[in-house]
Each structure stands twice: as C-alpha cells, then as structure tokens.
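# Topology and contacts: notes
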Amino acid sequence: MLLGAIADDFTGATDLCSMLVRGGMRTVQLIGVPPRDQAPPDADAVVVALKSRTAPVRQAVDDSLAALKWLQAGGTRQYFFKYCSTFDSTEQGNIGPVADALVDALGCGFALACPAFPTNARTVYQGYLFAGGNLLNESGMEHHPLTPMTDANLVRVLSRQTEGAVGLVNFATVDRGAHAIRDAMTRLKEQGRRYAIVDAITDAHLLAIGEAAASHALITGGSGVAMGLPENFRRAGVLPVRDDPAALPRLEGACAVVAGSCSRTTLAQLGYARNHVPVFDLDPLETPDAAALTDAALAWSSDKIGSKPLVIAASASPEKVALLQSRLGRDQAGALVEDAVAGIAAGLVERGVRRLVVAGGETSGAVAGRLGVRSLRIGGEIDPGVPWTYASGSGPELMLALKSGNFGATDFFLKAFRVLEAEP
Ligand code: ADP
C-alpha cells in the first residue's frame with residue numbers, strides 16, 4: 001500500500017479513486033474504517049471513505065484518526081486527506097481540526113492544502129478559491145445548506161479552523177515548477193507555518209505540486225492534487241507500470257438500474273432508457289410506504305430480471321418531490337424513498353442481479369449500506385467520474401456503479417452495461 005487516503009465523504013472518495021486509477025495505481029475504496037484485524041487489500045492505493053464532512057468535529061477527528069491508524073498498520077508510505085474541491089467546511093471545521101489531528105499523529109509538522117481541480121473549474125489564485133469562474137462566495141456555495149462558504153480566501157478560512165499558522169505558495173511560485181514550490185514550502189515550514197494554501201489554475205500546476213510533495217508525509221486537498229502522486233511512486237521505483245490498473249474480475253449475472261436521484265441529468269437519462277428497456281416508476285405520493293413500494297417493484301421485476309437491464313426509479317419532477325416533502329417533511333420524504341430503493345436493490349440482488357447501477361449520491365449510500373458493501377475495487381470509468389466497481393462485503397460480490405445525480409451522458413444507463421459486455 002503506497003498511498004493511504006482518508007476521504008470526508010463517499011462520492012468524494014470515489015472521485016479520488018478514479019484519479020489514482022487513471023494515474024496507474026490499482027485502487028480500492030473502503031466504506032468506513034475497517035476492523036483492526038482486517039488485512040489491507042491487494043492495491044497500490046486505499047481510500048477510506050468516511051462521513052466526516054458535516055459530522056460533529058470530535059467525531060470527524062476520531063474517525064479520521066482511526067482510519068489513519070488502520071492505514072499505518074498496513075505500512076502506507078504517504079497519506080492523503082481528501083476534502084471537497086469547494087473546501088466545504090464551517091468556522092468550526094472539519095478540515096482544520098482533522099488536518100491538525102493528522103499532522104499531529106504523523107509528527108510531520110506541515111501539510112499543503114490545495115482543493116484546486118481545474119477540470120471541474122475549481123482554481124485557486126492568490127489563495128482565493130474560484131468555482132466555475134466565480135469567487136467561491138459568489139458561486140452559489142454561499143447558500144449551501146450545511147457548509148455555506150462566505151469567504152473565498154482560503155488562508156483566512158483555514159486560519160479560522162486551526163491554531164496553526166497558514167501560509168501561501170502563490171501563483172508566481174507555482175508557475176515556476178516543482179523545485180520552486182518545494183523550496184517555498186520548506187521556507188514556510190521553517191517559519192513555523194503548519195499549512196500552505198497552494199495556488200493552482202492548470203493541471204500542469206497540480207502535477208508540479210504533486211512532484212514537490214513527493215517526500216511529504218501528508219497531503220491535503222481535493223482529488224485534483226492527487227494527479228501528480230502516482231508518478232512520484234514510479235520515479236521512486238516502488239510502483240511498477242501497470243498494464244491495466246482498472247482491471248476488475250469478471251462477474252456474470254442479471255443487470256438492473258435503481259434511481260433515487262431527481263436531478264435533471266438523471267431524469268434525462270431515464271427518459272432515454274424508457275425507449276429501450278422496461279422502466280418501473282415508484283409512486284411514493286400514491287403509496288407513502290417503503291415496504292409496499294418495494295413489494296410492488298419487485299413483483300413487477302419478477303419476469304424481467306435477466307441479462308437485459310431493467311430500471312426502477314423513484315426519480316420525479318421538482319413539483320412531485322415538493323408535494324411529497326410538504327406532506328411528510330423533507331427528511332422523512334428522502335428517508336422513505338431511500339428505504340424503498342435500498343430494499344429494492346437488496347431484493348434484486350436476492351433474485352440474481354449482480355450488475356447494478358445506482359443513481360443518486362444519498363441513494364448510493366443507502367443502497368451500499370443495505371447491501372452490506374464494505375469495499376469497492378475501482379475499475380474503468382463509464383463516463384467521467386463514474387467507474388464500475390467490484391463490490392464485496394457481507395453479501396454476494398457485485399459489479400456496482402454508483403452515479404452521483406448530475407454525472408453521466410444521456411445514454412448512461414445502457415452504456416454502463418455495454419461497456420461491461422465489451423470487456424474481454
Ligand atoms: P443526487 O445525487 O441527484 O443529489 P440523491 O440520491 O443524493 O441524488 O438525493 C435525492 C434524494 O431525493 C434522495 O434522498 C431520494 O430519496 C429523494 N427522492 C427521490 N425520489 C423522490 C420523490 N419522488 N419524492 C421525494 N423525494 C425523492
């Protein structure tokens with residue numbers, strides 16, 4: 001295990017995994033901290049996915065330290081703390097307190113902090129984070145329900161979350177390349193800074209930052225800054241050139257899609273699927289009962305389960321979602337539908353489905369939890385940001401694709417299975 005990462009949420013962890021696989025590392029995502037005696041998987045990189053982004057500070061710190069301890073026992077060479085590319089956090093944390101605890105536990109005294117991800121239009125200039133070309137606090141993130149970001153200056157934002165001093169490696173330095181960045185970070189550490197926000201507006205910057213951090217015990221940031229890390233390990237002679245880091249075992253079995261995302265992208269993907277494969281729509285307004293919804297969907301599916309995909313969707317228009325929420329309350333409505341979709345996924349697996357696509361971030365969490373999934377080996381991407389994975393845990397082994405609502409092209413639900421068939 002060369003790189004051990006701790007991610008503060010589930011889909012963010014998958015995002016980092018995909019980045020590492022693209023860089024040539026065989027990568028496994030673990031869901032939650034594994035039991036102490038669980039052996040590390042056969043992989044170059046392991047990403048432990050926590051739910052610590054919005055957890056109480058103490059819990060986020062404890063979970064992150066437990067993950068670190070487990071990774072350390074596996075002999076990891078370098079550690080990565082992955083947070084969102086929009087630096088999602090509050091005045092209390094959790095980025096600062098978790099990073100403090102990791103720096104302390106590793107005794108490294110210093111870590112860089114870089115959430116930039118130019119491919120997704122997240123850039124950092126003079127310490128200011130831009131999202132989609134706007135300052136973070138004018139990007140819509142200032143209205144985020146849980147982590148409103150009202151200040152784009154990351155030196156200030158991180159300073160409020162830590163007692164450590166925060167410095168900046170600015171664009172002019174970063175643009176001069178890895179040596180200049182390394183020297184600047186060394187100087188900041190000597191001056192007593194615990195963190196350096198590092199500017200980056202292109203992938204070339206991220207690659208240079210990665211190279212400059214080759215000897216760092218801990219790196220913190222979005223998945224973008226992991227781009228340069230695989231090459232460090234190859235340069236050091238510890239990572240062989242892998243022919244196919246995304247290779248997964250082949251698994252035969254029936255195919256299905258379950259959808260709980262109501263995003264515009266997912267609704268369009270469902271519209272496309274309707275013209276090609278059987279689709280069953282759950283109606284939680286008519287039947288606000290998870291068990292009854294599950295039974296109806298599974299009864300419908302009984303003569304359709306096979307190698308041709310079937311689709312079961314709770315996804316609905318904003319008006320219908322608003323209506324259910326006004327009747328049940330927002331949390332209750334979400335929980336009802338997640339419960340139904342998770343029950344349906346479990347029923348489909350019982351009936352022989354082994355290749356399953358799940359649409360929706362929260363929905364994916366609920367389904368993975370119900371299926372007892374503990375570990376995902378990351379395969380090739382179906383569309384950017386959505387890989388097939390080989391899932392194992394307390395239930396049967398499965399091919400799982402967990403799609404965040406807004407991801408994927410219009411034909412995603414069909415393409416996902418075509419990609420598997422095309423593999424040797
Ligand atoms: P996304 O990735 O698009 O945000 P999520 O799965 O994270 O998707 O969130 C979608 C939420 O909407 C889930 O909590 C899901 O249970 C809920 N939901 C899905 N269908 C409906 C519906 N018809 N009415 C109300 N809520 C719904």
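Residues numbered from 1 in each chain as written. Predicted model: local features only at pLDDT ≥ 70, side-chain atom pairs only at ≥ 80, totals over all residues. Heavy atoms only, no water.

### Points about the overall build of the chain
Stated precisely, the cut-off is as follows: Secondary structure follows DSSP: runs of H or I at least 4 residues long count as helices, runs of E at least 2 residues long count as strands, and numbering of each begins at the N terminus. The size measure is the radius of gyration over C-alpha atoms, and the globule rule it meets is 2.2 Å times the number of residues to the 0.38 power. Throughout, exposure labels follow a simple rule: accessible area from a 1.4 Å probe, protein chains only, divided by the maximum for the residue type, with under 20% read as buried, over 50% as exposed, and the rest as partly exposed.
Scanning the chain from N- to C-terminus turns up 14 helices and 18 strands. Against the compact-globule benchmark of 22 Å for 424 residues, the chain has a radius of gyration of 22 Å, which places it among compact chains. Each of the three principal axes of the chain carries a C-alpha extent, and together these read 70 × 45 × 35 Å. By residue count, 55% of the 424 residues in the chain fall in the buried class.

### Regarding the nonpolar core
Under the convention used in this document: Side-chain atoms within 4.5 Å are what join buried Ala, Val, Leu, Ile, Met, Phe, Trp, Tyr and Cys residues into a set we call a nonpolar core. By definition, residues are in contact when any of their heavy atoms lie within 4.5 Å.
One finds V258, I312 and L356 to be the most contacted residues of the largest nonpolar core, which totals 124 residues. Here this core takes ten residues from helix 12 (residues 330-350), the largest share from any one element. Residues in contact with L356, not counting those within four places in the same chain, are A256, V257, V258, A345, V367, L371, W388, M399, L400 and A401. Counting residues in hydrophobic clusters, the runner-up holds 25 residues, among them L270, A313, A359 and L420.

### Some thoughts on the site of the ligand
Where we set the bar: Definition of nearness: a residue and a molecule or strand are near each other if at least one heavy atom of the residue lies within 4 Å of the molecule or strand. Under this definition, polar contacts are N or O atom pairs within 3.5 Å; protein pairs additionally need one hydrogen-donor-capable and one acceptor-capable atom, and for neighbouring residues in sequence, both atoms have to be side-chain atoms. To measure how exposed things are, a 1.4 Å probe is used in the Shrake-Rupley method; for residues, cover is taken only from the protein chains shown.
Close to the ligand lie 18 residues; S261, E338, G361, E362 and T363 are nearest. Contact distances for the ligand include 2.5 Å between an oxygen atom and a side-chain N or O atom of T363. A distance of 2.9 Å separates an oxygen atom of the ligand from a polar atom in the backbone of G405. The fraction of the free accessible surface of the ligand (570 Å²) that becomes covered by protein chains is 81%.

### Thoughts on the packing of aromatic side chains
Here is the rule we go by: Aromatic rings from Phe, Tyr and Trp, taking only the six-membered ring of Trp, are treated as a pair when their centres fall within 6.5 Å; an angle between ring planes under 30 degrees marks them as stacked, one over 60 as edge-to-face, and anything in between as tilted.
A complete count under the given rule lists six aromatic pairs for this structure. Their ring planes at 80 degrees and their centres at 5.1 Å tell us that Y83 and F87 sit as a pair that is edge-to-face. Both residues of the pair, Y83 and F87, belong to the buried class. Three or more aromatic residues joined by ring pairs form one cluster here, namely F81, Y83 and F87.

### A closer look at the environment of V257
Counting through the fold element by element, V257 comes out in strand 12 (residues 254-259). C-alpha of V257 to C-alpha of V279: the two residues are 22 residues apart in sequence and 9.2 Å apart in space.

### A few points about helix 2 (residues 57-73)
In plain terms, the rule: For a helix, the expected span equals 1.5 Å multiplied by the number of residues minus one.
Under the 1.5 Å per step criterion, the end-to-end length of helix 2 is 24 Å for 17 residues, consistent within 8% with the ideal 24 Å. Within helix 2, the full set of buried residues consists of A60, V61, S64, A67, L68, W70 and L71. Contacts from the buried residues of helix 2 go to strand 1 (3-7), strand 2 (27-31), strand 3 (45-49), strand 4 (78-82) and helix 3 (95-106).

### Here we look at the side chain of T147
Position of T147 among the secondary structure elements: in the loop between strand 8 (134-135) and helix 4 (154-161). Sequence-distant contacts of T147, defined by excluding residues within four places in its chain, comprise T54, D88, S89, T90 and M141.

### Remarks on the sheet that holds strand 8
Basically, it comes down to this: In this description, strands pair whenever DSSP reports at least two bridges between them.
Overall, antiparallel pairing links the three strands, which are arranged 6-7-8 in an open sheet. Every other strand in the sheet has two partners, leaving strand 6 (122-125) and strand 8 as the edge strands with one partner each. Pairing of strand 7 (residues 128-131) with strand 8, which is carried by two bridges, proceeds in the antiparallel orientation. The residue of strand 8 that forms the bridge with F130 is L135.

### Here's the deal with the packing of helix 12 against helix 13 (residues 361-370)
Note the following rule: Only the stretch in contact is used when fitting a helix axis, every axis being a line fitted to C-alpha atoms; angles between N-to-C directions are given from 0 to 180 degrees. Between 65 and 115 degrees an angle is taken as roughly perpendicular, under 35 as roughly parallel, over 145 as roughly antiparallel, and anywhere else as oblique. Here a crossing is called left-handed whenever its near helix is offset anticlockwise from the far helix by less than a right angle, and right-handed whenever the offset is clockwise.
One can describe the packing of helix 12 onto helix 13 by two numbers: an axis separation of 9 Å at closest approach and a directional angle of 45 degrees. Comparing their axes, helix 13 and helix 12 come out oblique. Considering how the two elements wind past one another, helix 12 and helix 13 form a crossing that is right-handed. Contact residues: E338, D339, V341, A342, G343, A345 and A346 in helix 12; E362, T363, A366, V367 and R370 in helix 13.

### A closer look at the pairing of strand 3
Among the five residues that make up strand 3, five are buried, leaving the element largely enclosed by the rest of the structure. As defined by bridge partners, strand 1 adjoins strand 3 across five bridges and the pair is classed as parallel. Along strand 3, the bridge assignment pairs A7 with A49. Pairing of strand 2 with strand 3, which is carried by five bridges, proceeds in the parallel orientation.

### Here's the deal with the pattern of salt bridges
Basically, it comes down to this: Salt bridges are identified by distance alone: a Lys or Arg side-chain nitrogen within 4 Å of an Asp or Glu carboxyl oxygen.
A complete count under the given rule lists 23 salt bridges for this structure. Two residues, K415 and D383, come together in a salt bridge whose shortest N-O distance is 2.6 Å. Of this pair, K415 sits in helix 14 (residues 412-422) while D383 is found in strand 16 (residues 373-383), placing the two residues 32 residues apart along the sequence. For K415, a relative accessible area of 23% corresponds to the partly exposed category.

### A look at the side chain of S85
For S85, the location among the structural elements is in the loop between strand 4 and helix 3. Within the structure, S85 has its side chain in polar contact with the side chain of R122 (distance 3.1 Å). Setting aside its immediate chain neighbours within four residues, S85 contacts P115, F117, R122 and L129.

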